[in-house]
Amino acid sequence: RRVTKKFGDRFYNGVVDGCEGTMRWYHITYDDGDAEDIAFTEFLELTHGPDINVNAFFTAKGAEQVSRVLGCTFATETAKSVWDACWSRAKKQRQDPKMLPGIGGFEVKSCYDADHPSCLSSTNLFESISKYLTDLGFDVGACVYHGATPMLPLNAPHHLNLEEYVVAADDPREGLRGQKGCRVKPDGQPIAAGTTLGVYGGELLMSGEVHELKSVKDSVQGGILCFLRAELQAECFTEEFNHFNYEQGEEIPLDGEKLTVCAVDVNDNLMHRINDVRISPLSKKSEMLPGGANVEYVETCVCGFPFVFLVARQDLAPSQDLRGNYGDAYWHMVREYVSRIKVCMEAATFNQ
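Here the residue index of a chain counts from 1 through its sequence in written order. Under the rules for a predicted model, residues below a pLDDT of 70 receive no local features and side-chain atom pairs below 80 are neither given nor counted, while totals for whole chains, interfaces and linings still include all residues. Hydrogens and waters are ignored; side-chain quantities use all the structure's heavy atoms.

Enquirer: Give me the overall build of the protein chain: which residues, what numbers.
Expert: Every helix listed is a DSSP run of H or I at least four residues long, and every strand listed is a run of E at least two residues long, numbered separately from the N terminus. Looking only at helices and strands, the protein chain has nine helices and 17 strands in total. Think of it in three bands: residues with accessible area under 20% of the maximum for their type are buried, residues over 50% are exposed, and the middle band is partly exposed, with areas taken using a 1.4 Å probe on protein chains only. Across the 352 residues in the protein chain, those meeting the buried criterion constitute 45%. Here the accessible surface of atoms and residues is derived via Shrake-Rupley with a 1.4 Å probe, and residues count as covered only by protein chains that are part of the display. Carbon together with sulfur atoms contributes 51% to the accessible area of the protein chain, which is approximately 18200 Å² in total.

Enquirer: I'd love a proper account of the packing of aromatic side chains, names of residues and values included.
Expert: Any pair of Phe, Tyr and Trp rings, taking the six-membered ring for Trp, is counted once the centres come within 6.5 Å. Such a pair is stacked with planes under 30 degrees apart, edge-to-face with planes over 60 apart, and tilted for the rest. Counted under the stated rule, the structure contains 13 aromatic pairs. Summarising the aromatic geometry, the rings of Tyr 132 and Phe 309 are spaced 6.1 Å apart at their centres and angled 85° between planes, so their arrangement reads as edge-to-face. You can see Tyr 132 sitting in helix α4 (residues 122-135) and its partner Phe 309 sitting in strand β16 (residues 305-312), a full 177 residues away along the chain. For the pair Tyr 132 and Phe 309, one class covers both residues: buried. An aromatic cluster is present here, built from Phe 74, Trp 83, Trp 87, Phe 244, Phe 305 and Phe 307 joined pairwise through their rings. Think of it as a cone above the ring: NZ of Lys or CZ of Arg counts as a charge over the ring if it is within 6 Å of the ring centre and within 35 degrees of the ring normal. Just above the ring of Tyr 337 sits the side chain of Arg 340; from NZ or CZ to the centre is 5.1 Å.

Enquirer: Can you break down the state of the cysteines residue by residue, with the values?
Expert: Two cysteine sulfurs form a disulfide in these notes if their separation is within 2.5 Å. Throughout the structure, instances matching the rule amount to zero disulfides. In this model Cys 86 remains outside any disulfide bridge; the closest cysteine sulfur is found in Cys 301, 7.1 Å from its own.

Enquirer: How would you sum up the pattern of salt bridges? Please name residues and give values.
Expert: Salt bridges are defined as contacts in which a side-chain nitrogen from Lys or Arg sits within 4 Å of a carboxyl oxygen from Asp or Glu. Following the criterion strictly, the structure yields 17 salt bridges and no others. Between Asp 328 and Arg 278 there is a salt bridge whose closest N-O contact spans 3.1 Å. You can see Asp 328 sitting in helix α9 (residues 328-351) and its partner Arg 278 sitting in the loop between β14 (275-276) and β15 (295-302), a full 50 residues away along the chain. Where salt bridges share partners, they join Asp 171, Arg 173, Asp 321 and Arg 323 into one cluster.

Enquirer: Would you mind going over the sheet that holds strand β13 (residues 259-262) in detail, with residue names and values included?
Expert: In space, the five strands of this open sheet follow the order β5-β6-β11-β13-β12, with mixed pairing throughout. Two strands in the sheet have a free side with no partner beyond their single neighbour: β5 (68-69) and β12 (238-240). Relative to strand β6 (residues 72-74), β5 runs antiparallel, the two sharing two bridges. For Arg 68, the partnering residue across the bridge sits in β6 and is Thr 73. If DSSP finds at least two bridges between two strands, the strands pair.

Enquirer: Give a detailed account of the side chain of Arg 89, specifying residues and quantitative values.
Expert: Along the chain, the position of Arg 89 falls in helix α3 (residues 77-94). Note on Arg 89: relative accessible area 18%, which makes it buried. The contact partners of Arg 89, leaving out residues within four places of it in the chain, are Gln 248, Glu 251 and Ile 252. For this analysis, residues touch if any pair of their heavy atoms sits within 4.5 Å.

Enquirer: How would you summarise the environment of Lys 185 if you had to cite specific residues and measurements?
Expert: Looking at the element boundaries, Lys 185 is found in the loop between β9 (180-184) and β10 (196-199). What makes Lys 185 partly exposed here is its relative accessible area of 28%. With residues near it in sequence (within four places) discarded, Lys 185 still touches Leu 160, Asn 161, Leu 162, Glu 163, Pro 318 and Ser 319. A distance of 3.0 Å separates a polar side-chain atom of Lys 185 from the backbone oxygen of Leu 160. Any pair of nitrogen or oxygen atoms within 3.5 Å is treated as a polar contact; in protein, a donor-acceptor pairing is required on top of that, and neighbouring residues in sequence qualify only through side-chain atoms on both sides.

Enquirer: Please set out unusual backbone geometry residue by residue, giving values where relevant.
Expert: Positive phi, close to 50°, is recorded for Leu 70, a residue that is not glycine. The residue Ser 319 is not glycine, and still its phi comes out positive at about 75°. Tracing the sequence through the fold places Ser 319 in the loop between β16 and β17 (323-324).

Enquirer: Just give me the short version of helix α7 (residues 224-236), but keep the residues and values in it.
Expert: Along an α-helix, residues three or four positions apart point the same way, because every turn accommodates 3.6 residues. A helix is expected to span 1.5 Å for every residue after the first. Over its 13 residues, α7 runs 18 Å from end to end, which matches the ideal 18 Å to within 8%, given 1.5 Å per residue. Of all the positions in α7, only Phe 227, Leu 228, Ala 230, Glu 231, Leu 232 and Ala 234 are classed as buried.

Enquirer: Before we move on, can you summarise the confidence of the model for the protein chain with the specific residues and values?
Expert: Confidence of the predictor at the level of single residues is captured by pLDDT, which takes values from 0 to 100. On average, residues of the protein chain score 84 in pLDDT, and 84% of them are at 70 or above. Within the protein chain, β9 carries the highest mean pLDDT (97), whereas helix α2 (residues 54-58) carries the lowest (52). Per-residue pLDDT stays below 50 along residues 58-62; that stretch engages in 16 contacts with residues further than four places along the chain or on separate chains.

Enquirer: Any details on the environment of Gln 248? Residues and values, ideally.
Expert: Assignment of secondary structure puts Gln 248 in the loop between α8 (242-247) and β13. Among the residues examined, Gln 248 registers a relative accessible area of 16% and is labelled buried. Considered as a pair, Gln 248 and Cys 86 are 162 residues apart in the sequence and their alpha carbons are 9.9 Å apart. Once residues within four sequence positions are removed from consideration, Gln 248 is found in contact with Arg 89 and Leu 254.

See the structure below:
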């Protein structure tokens, strides 16, 4: 963003074009070619006026009553209760001087793919995701440093150089031809490896609450086949927070369920349009496209609550489509559903 700073008797205009994620230094390049790094407090003074109160700036009002965070909407009361518990726990952790930095604020939990490149190191991921959040107006590190309560943005827009497109008729992945995907804009700028692309948004609910989704509810009237197809579609657009679900103690009310985010009924989030890298995923020995996956799913806790961020594994060129690795367990689940649907179709044909 552009800023104006006074040096002596003159004002100089410039652009805030960088942020060092650990110590919270912001880099400004001025129109005359000069540059400097400024501390977070001065950054706030330049962007919000000299009388800004840092703690007041970050005080969350009614945080416990939120219904949407970073593009994720609480679809059920159970999922909302998990948020409330996480928020309360993170607040206590931020107030504990013995607590490790980041625990109550911002903590990268995982790279799902163990074979990750150097751009996805813990340090680089922290820098990248931190910059993404800072660009949304949310500086987690500064909140924790100043002991202030964070206020998370409602939405998590995707990278400006990305767009939805229709998979070409000659794509090696036959099952995707004519389907929607996500790519770098043909007239856009390249995206560097390690860049955070967005958040996998959708409806937050527990694994046993898939039937609460509108599309699944509405499918019941169409009979068992219609219901199974809707249930499969919902499962295909669902991400589980694996590390969060595994690590939580008694203070987080999971009750044996798993917290998930489902994008099946969502149209305002581009991250669920990232397709799998496998050529024929319904076969057990499917090849992958040359170059492999170019996007990583990274589970990250922000204020104690999990989100899945999408980060570029490789440099992405204009027109290049985004490809993730859904994993073997995902496609095993899909094959199981497909088998059940085939059995129901055969039974229906036999009964006719």
